[in-house]
Amino acid sequence: CKGMMLGSNQPLVGVDAATGVPFPDTAAQPIPHLGIPLSATTATPHAEQLFTQRLRSVTWRIRQWAQHNLTLIGRCEVAKQVLASCFTYHCQFMPAQQPVM
């Protein structure tokens, strides 16, 4: 369990004396929640790392699906349902980085 302060409060780093909950420095080590890196500072450096990982994941999935003998319609469906969803989920929360686009 990790904690993070949100809003206009001063960032808390270290262990909270009252609860014992650790509050990491999210600028250096974001807290992942549902695949999204949460940080008290800007998400840009973490977004670049996230989209690089997604690009590797999509490349791996392309290689896996390339082994199947699919029709053109089947390939379009895989591209739409499997490959694009890897990016669209994350693009809802943070802007896609330029190298990915």
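The structure this text deals with has already been given above.
Take a nonpolar patch on the surface next. On the surface, Leu 34, Tyr 89 and Phe 93 cluster together to form a nonpolar patch covering roughly 330 Å² of accessible area. By relative accessible area, which is 63% here, Leu 34 ends up exposed.

Further remarks concern the layout of surface pockets. Quantified by volume, the largest pocket comes out at close to 170 Å³. What lines the largest pocket is simply Ala 28, Pro 30, Pro 32, Gly 35, Ile 36, Pro 37, His 46, Gln 49, Leu 50 and Gln 53. Where the lining of the largest pocket is concerned, the elements lending two or more residues are strand S4 (36-38) and helix H1 (44-66). If you tally residues by element for the lining of the largest pocket, the top one is H1, at 4 residues. By residue class, the composition of the lining of the largest pocket is 6 nonpolar, 4 polar and no charged.

The next thing to look at is helix H2 (residues 72-91). Over its 20 residues, H2 runs 27 Å from end to end, which matches the ideal 28 Å to within 8%, given 1.5 Å per residue. The largest bend along H2 reaches roughly 50° and is located at Ser 85. Gly 74, Val 78, Leu 83, Cys 86, Phe 87 and His 90 are the residues of H2 that are buried.

Rules of the game
- Residues numbered from 1 in each chain as written.
- Predicted model: local features only at pLDDT ≥ 70, side-chain atom pairs only at ≥ 80, totals over all residues.
- Heavy atoms only, no water.
- Patch = residues over 30% accessible without salt bridge, like charges linked within 9 Å, V, L, I, M, F, W, Y side chains within 5 Å.
- Areas by Shrake-Rupley, 256 points an atom, 1.4 Å probe, with all protein chains shown as cover.
- Salt bridge = Lys/Arg side-chain N within 4 Å of Asp/Glu carboxyl O.
- Buried < 20%, exposed > 50% of the residue type's maximum accessible area, 1.4 Å probe, protein only.
- 1 Å grid on protein atoms, 1.4 Å probe; cavity = no way out; pocket = protein on both sides within 12 Å on 5 of 7 lines; lining within 4 Å.
- Points joined across faces, edges and corners; volume = space filled by probe spheres on them.
- Helix = DSSP H or I, 4+ residues; strand = E, 2+ residues; numbered from the N terminus.
- Nonpolar A, V, L, I, M, F, W, Y, C, P; charged D, E, K, R; others polar.
- Expected span 1.5 Å × (residues − 1).
- Bend = angle between axes of the 7 residues up to and from the residue.

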